[in-house]
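# Summary of structural features
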Amino acid sequence: MRQGAAPSLKIVFMGTPEFAVPSFEALCDAGHSVVAAVTQADRPRGRGRTPKPPPVKEAARRRGVEVWQPLRLRDEAFLERLRAAAPDLIAVVAYGKILPPAVIELPRLGCVNVHASLLPAYRGAAPINRAVMNGERRTGVTTMLMDEGMDTGPVLLQREVDIGEEETAGELARRLAALGAKLLCETVGALASGGLKPVPQDHSRATYAPMLTREESRIDWSLPARVIADRVRGLSPRPGAFTTLGGRILKIHAGRTGGREAKGAAPGEIVAVTDDAIEVATGEGTYLITRLQAENRKCMDTSEFLRGRKVKAGERLGGPQG
């Protein structure tokens, strides 16, 4: 260890999706001993429903790090394995399961979580989606010491970022994943040196970001166009906002507000069709669909969609599914 550097720690990493990979790799690159990567089970994907390993498992294999995939974190066999590893710290990034006290209390420096919001705002499973859906203009990442609550532990460090006016949840997630990785390494280094004091959250200011439901993905055309635009961005690329056209599902991946009122048109009514957009009446203003995905088709620009499907003003989006 070079003079003045924080000591290298023995770390167990817990994470599952792509969002967690930059944090895992940053800890490895920082010279810490990442002794194991704990991730969720392989899940069936695609039309063939072939089991596919989560991104953290693939990253760990590339790095030669041992992978653990316990079905239950309370299983004594897993806990014994964790105790035997004797980590100084457990780093948790989008693991996807609640940690029991036996895990939280095990490492001497605690369990450090990277959360994609400025806690106590947007506690819960979908902070990035919810922030974009709600039209927020700023968000960030927080590192905290975990306790038994849902994102209620004391804050270690935070960093803020602006949200772009047309930025999607997927685009923001990539930026926050990279920022979270840097912040995690800074946090771990400060904890190792004893130079970081946790700050309790103000629970009276807490807001929440629960998991998304399918019904929330259905576009309500009676809402203002600005609200619809934010929701489309916040649901892109997954699970994707959707409506129906001719009784069939139509996912909306991108669009913009139209900047005018469609007098006399009902919400969901198509008021104009151009070469590259479908303009739809909303509860306030119009919304222009510029990228979409028809049922059982790939995602495409509206211009490509219109070359294969004639759409006319007066048709209605929404209503019963076919």
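Here, every reference points to the structure presented above.
First things first, this report covers the structure right here in the doc. All values reported here derive from a predicted model rather than from experimental measurement. Here the residue numbers are simple positions, counted from 1 along each chain's written sequence. Where local features are concerned, this predicted model is filtered to residues with pLDDT of at least 70; where side-chain atom pairs are given and counted, the filter is 80 or more; whole-chain, interface and lining totals use all residues. The basis for the side-chain values is all heavy atoms of the structure; hydrogens and waters are excluded.

## Focus: the packing of helix α1 (residues 21–29) against helix α2 (residues 55–63)
Running from amino to carboxyl end, α1 crosses α2 at an angle of 25°, the nearest separation of the two axes being 9 Å. Judged on the interaxial angle alone, α2 and α1 are roughly parallel. Seen from above, α1 lies across α2 with right-handed handedness. Packed against α1, whose contacting residues are Val21, Phe24, Glu25, Cys28 and Asp29, the element α2 presents Pro55, Val56, Ala59, Ala60, Arg62 and Arg63 at the interface. Considered class by class, the residues forming the contact of α1 with α2 number seven nonpolar, no polar and four charged. In this analysis an axis means a line fitted to C-alpha atoms, helices contributing only their contacting stretch, and an angle means the value between N-to-C directions, from 0 to 180 degrees. Counting from the N terminus, the helices are DSSP H or I runs at least four residues long and the strands are E runs at least two residues long. The labels follow the angle: roughly parallel below 35 degrees, roughly antiparallel above 145, roughly perpendicular from 65 to 115, and oblique for the rest. A clockwise turn of the near helix away from the far one marks a right-handed crossing, whereas an anticlockwise turn of less than a right angle marks a left-handed crossing. Throughout, a contact is declared for two residues whenever any of their heavy atoms are within 4.5 Å. Note on residue classes: Ala, Val, Leu, Ile, Met, Phe, Trp, Tyr, Cys and Pro are nonpolar, Asp, Glu, Lys and Arg are charged, and everything else, Gly too, is polar.

## What about unusual backbone geometry?
Following Leu119, the chain continues into Pro120 via a peptide bond in cis, with omega recorded as 15°. Here Pro120 shows up in the loop between β7 (111–115) and α5 (127–133). Cis peptide bonds are those with omega within 30 degrees of zero, and the linkage from Arg238 to Pro239 qualifies with 5°. Its identity is not glycine, yet Ala94 carries a phi of approximately 50°, on the positive side.

## A closer look at the environment of Val141
Mapped onto the fold, Val141 is located in strand β8 (residues 138–145). Setting aside residues up to four positions removed in sequence, Val141 forms contacts with His115, Ala116, Ser117, Leu118, Leu157, Gln158, Arg159, Leu176, Leu179, Gly180 and Leu183.

## Some words on the nonpolar core
Phe13, Phe24, Leu27, Leu89, Leu176 and Leu184 are the most contacted members of the largest nonpolar core, which totals 43 residues. It is helix α6 (residues 169–193) that provides the largest number of residues to this core, a total of nine residues. Each residue touching Leu184, except ones within four places of it in the same chain, is listed here: Ser23, Leu27, Ala91, Val93, Val112, Val114 and Thr143. Counting residues in each nonpolar core, the second largest holds 24 residues, with Ile219, Val232, Leu245 and Val311 among its members. In these notes, a set of buried Ala, Val, Leu, Ile, Met, Phe, Trp, Tyr and Cys residues joined through side-chain atoms within 4.5 Å is what counts as a nonpolar core. The buried label applies to any residue whose accessible area, calculated with a 1.4 Å probe on protein chains only, is under 20% of its type's maximum; exposed applies above 50%, and partly exposed to all values in between.

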